[in-house]
Amino acid sequence: MSYVMTIRNQIRGRLVMQGKSLCAWARENGYPHGDVGKIVERFAGNERRPRNGSKSLEVIEKLEACVGMKICG
């Protein structure tokens, strides 16, 4: 199992403990279907974070706060 899949599974597990899915979390926070999954897939485990002011950074920071773990950077 790749490192990215491990991070994604940890995110999924922590959201399930809160009674949510990744899609449900995205809807609650006003993101289109599929966008959050693509962002997590792209940046999970990377040493660098998305650019300041980008939508991707906003998603990563909100998701990190929600699940209580570091996704990238």
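### Concerning the packing of aromatic side chains
- Throughout the structure, instances matching the rule amount to 1 aromatic pair.
- Look at Trp-25 and Tyr-31: their rings are 6.0 Å apart centre to centre, the planes differ by 25 degrees, and that puts the pair in the stacked class.
- With relative accessibility at 2%, the residue Trp-25 sits in the buried group.
- Note on Tyr-31: relative accessible area 8%, which makes it buried.

### Thoughts on the confidence of the model for the protein
- Averaged over all residues, the pLDDT of the protein equals 93, while 99% of them reach at least 70.
- At the low end of the mean pLDDT range in the protein sits helix α1 (residues 3-17), at 92; at the high end sits helix α4 (residues 55-67), at 96.

### What to know about the environment of Gly-37
- Structurally, Gly-37 can be placed in helix α3 (residues 35-43).
- With 22 residues separating them along the chain, Gly-37 and Leu-15 place their C-alpha atoms 13 Å apart.
- Every residue in contact with Gly-37, bar those within four places of it in the chain, is listed here: Arg-8 and Leu-22.

### Regarding α3
- Burial in α3 covers these residues: Val-36, Gly-37, Ile-39, Val-40 and Phe-43. Considered in projection along α3, the buried side chains sweep an arc of 165 degrees and stay on one side of the axis. Of the exposed residues in α3, the ones pointing more than 90 degrees away from its buried face are Lys-38 and Arg-42.
- Two residues or fewer after α3 comes Gly-45, characterised by a positive phi angle close to 85 degrees.

### Details of the packing of α1 against α4
- The contact between α1 and α4 brings their axes to 10 Å, and the two run at 55 degrees. With respect to α4, the element α1 is oriented oblique. Crossing of α1 over α4 shows left-handed handedness. Facing α1, whose interface residues are Ile-11, Arg-14 and Leu-15, α4 presents Leu-63, Cys-66 and Val-67.
- The class makeup of the residues in the contact of α1 with α4 is 5 nonpolar, no polar and 1 charged.

Cut-offs applied
- Residues numbered from 1 in each chain as written.
- Predicted model: local features only at pLDDT ≥ 70, side-chain atom pairs only at ≥ 80, totals over all residues.
- Heavy atoms only, no water.
- Phe/Tyr/Trp six-rings, centres within 6.5 Å; stacked < 30°, edge-to-face > 60°.
- Buried < 20%, exposed > 50% of the residue type's maximum accessible area, 1.4 Å probe, protein only.
- pLDDT = per-residue confidence, 0-100.
- Helix = DSSP H or I, 4+ residues; strand = E, 2+ residues; numbered from the N terminus.
- Contact = heavy atoms within 4.5 Å.
- Arc of directions from axis to C-beta.
- Axes fitted to C-alpha atoms, helices over the stretch in contact; angles between N-to-C directions.
- Parallel < 35°, antiparallel > 145°, perpendicular 65-115°, else oblique.
- Left-handed = near helix turned anticlockwise from the far one by under 90°.
- Nonpolar A, V, L, I, M, F, W, Y, C, P; charged D, E, K, R; others polar.

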